[in-house]
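Fold and contact review
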Amino acid sequence: MLKTEAFQEFKQALARMRDHDPQTALAHMHRAVALEPHNPFYLSYLGVAQAHAERKWAEAEQLCETAVRMKPDEPQLYVNLAEVYVAAGRRDDALGTLNRGLLYSPRDRRIQAALNQLSLRRAPIVRFLPRRHFLNRGLGKLRHRTLELFGRA
C-alpha cells in the first residue's frame, strides 16, 4: 500500500514539474521519499525539484549523487544530476556527469539529448547581426540541416 501511495505522489510530482510548478512538485516528492526513502528515483527527482523550487544547490546535488551511487547504471539519474548542475550554473560539472553516465549507457538517448542541449553553439552566420535576427535564424537552420544531411551536425 505504501509503495502505490509513494508512486502516486511521485507521478503527481512529475506532472507538476512538467507544468513548471516546482513548489508543488517538491511537496509531492517529499511525501514520496517519506513513504519510500530508499528509492533512488524519488531521491533524484527530489533533488531536481529542490534545485528548481528552493535553489538549495548543495542539498539537491547531494540527493542526486546519493541516487547515482545507489543505482549507477541508470541513465536518468545522471540526467537529473546534470539538470541540477545546470540550474546552479555549473555547466562543466553537468557535462562531466553526463559523460560519466555514458560509461554505463553509451547509447542512451536521454544522455545524448542532454549533451546536445549543453553543446557549444556555432557562431552566427552573419556576425554583425544579432543571433536572434531573422537572417541568422534562417541561415542557421539551413546550415544545421545541411550539416545534418552530410552527417556533420
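Structure shown above.
Description of the structure in this document. Source: prediction; values computed, not measured.

1. Thoughts on unusual backbone geometry
For His 20, which is not glycine, the phi torsion reads 60° and is therefore positive. Relative to the assigned elements, His 20 resides in the loop between helix H1 (2-18) and helix H2 (22-35). The exposure class of His 20 is exposed, given its relative accessible area of 71%. Here the phi dihedral of Arg 55 falls at roughly 60°; this positive angle occurs in a residue that is not glycine. Its location among the elements puts Arg 55 in the loop between helix H3 (40-54) and helix H4 (57-70). A residue is classified by how much of its surface remains accessible, and Arg 55, at 53% relative accessible area, is exposed.

2. A short note on the side chain of Asn 136
The topology assignment puts Asn 136 in helix H8 (residues 134-149). Classification of Asn 136 by relative accessible area gives buried; the value is 5%. In terms of polar contacts, Asn 136 uses its side chain to reach the backbone carbonyl oxygen of Pro 130, at 2.9 Å. If we ignore the near neighbours within four places in the chain, the residues touching Asn 136 are Pro 124, Ile 125, Val 126, Leu 129, Pro 130 and Arg 131.

3. Description of helix H7 (residues 109-118)
Within the span of H7, buried status applies to Ile 111, Ala 114, Leu 115 and Leu 118. An end-on view of H7 places all buried positions within 100° of arc, on one side of the element. Along H7, the residues that are exposed and aim more than 90 degrees away from the buried face are Arg 109, Asn 116 and Gln 117.

4. Details of H4
With 14 residues, H4 extends 20 Å from end C-alpha to end C-alpha; this agrees with the ideal 20 Å at 1.5 Å per step. By the burial criterion, the buried members of H4 are Ala 60, Cys 64, Glu 65, Ala 67 and Val 68. The buried residues of H4 all sit within an arc of 160° when viewed along its axis, so they share a single face. The exposed residues of H4 that point more than 90 degrees off its buried face are Ala 58, Gln 62 and Arg 69. Where H4 is buried, its residues meet H3, helix H5 (75-87) and helix H6 (91-104).

Calculation criteria
Residues numbered from 1 in each chain as written. Predicted model: local features only at pLDDT ≥ 70, side-chain atom pairs only at ≥ 80, totals over all residues. Heavy atoms only, no water. Helix = DSSP H or I, 4+ residues; strand = E, 2+ residues; numbered from the N terminus. Buried < 20%, exposed > 50% of the residue type's maximum accessible area, 1.4 Å probe, protein only. Polar contact = N/O pair within 3.5 Å; in protein donor to acceptor, adjacent residues only side chain to side chain. Contact = heavy atoms within 4.5 Å. Arc of directions from axis to C-beta. Expected span 1.5 Å × (residues − 1).

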